[in-house]
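What follows is the residue order along each chain.
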Amino acid sequence: MKKLLAGTVLQLACAAPLAALDAWSLEKCSIYSKAWRSYAAGLPDLSERFRASNEAFIASGCQARVSACPASGTDLETADQLSLIMVMEGAPGSFLPFACSGHFPAGH
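Conventions adopted
Residues numbered from 1 in each chain as written. Predicted model: local features only at pLDDT ≥ 70, side-chain atom pairs only at ≥ 80, totals over all residues. Heavy atoms only, no water. Disulfide = S-S within 2.5 Å. Helix = DSSP H or I, 4+ residues; strand = E, 2+ residues; numbered from the N terminus. Buried < 20%, exposed > 50% of the residue type's maximum accessible area, 1.4 Å probe, protein only. Phe/Tyr/Trp six-rings, centres within 6.5 Å; stacked < 30°, edge-to-face > 60°.

J.: Any chance you could explain the state of the cysteines here in plain terms?
T.: What makes a disulfide is a covalent bond joining the sulfur atoms belonging to two cysteines. Using the criterion set out here, one finds two disulfides in the structure. Shown here is the disulfide that connects Cys29 with Cys62, its sulfur atoms set 2.1 Å apart. The sign of the 70 degrees torsion about the S-S bond sets the Cys29-Cys62 disulfide as right-handed. Of the two residues, Cys29 is situated in helix H1 (residues 2-42) and Cys62 in the loop between helix H2 (48-59) and helix H3 (73-88); the sequence distance between them amounts to 33 residues. A relative accessible area of 4% places Cys62 in the buried class. A sulfur-sulfur separation of 2.1 Å characterises the disulfide bridge that pairs Cys69 with Cys100. Judged by the torsion about the S-S bond (100 degrees), the Cys69/Cys100 disulfide is right-handed. In this pair, Cys69 sits in the loop between H2 and H3 while Cys100 sits in the segment after H3, placing the two residues 31 residues apart along the sequence.

J.: What is the right way to read the packing of aromatic side chains from this model?
T.: Any aromatic ring pair is given by two values, namely how distant the centres are and how the planes are angled relative to each other. Overall, the coordinates contain six aromatic pairs when judged by the stated rule. An angle of 65 degrees between the planes, with centres 5.5 Å apart, marks the rings of Phe57 and Phe95 as edge-to-face. With Phe57 in helix H2 and Phe95 in the segment after H3, this pair connects stretches of sequence that are 38 residues apart. As far as burial versus exposure is concerned, Phe57 and Phe95 are alike and both buried. A network of ring pairs unites the aromatic residues Tyr32, Trp36, Phe50, Phe57, Phe95 and Phe98 as a single cluster.

Written out as structure tokens, the structure is:
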């Protein structure tokens, strides 16, 4: 009974702050998802890894820390456009899934 009560108290204590965060998180993810779908549909030459990383990010509700590394000029242009859209909508850069582990696309 003590465990049940403690769990209920913890859920109630966390509910209010999470509700406010969830609304903004959902809105950011919705904006990102729409922008991604719009760009990805028109760019069949996006690299498969970049496409899969973005899809995984969206599938997680934009909560997973994935590394969507632009591997081509098209990938990089798409990342730039999505970044611009999200910043204009008020999302911080830390929201975005774009990251590379010590390398950059050739020619950039």
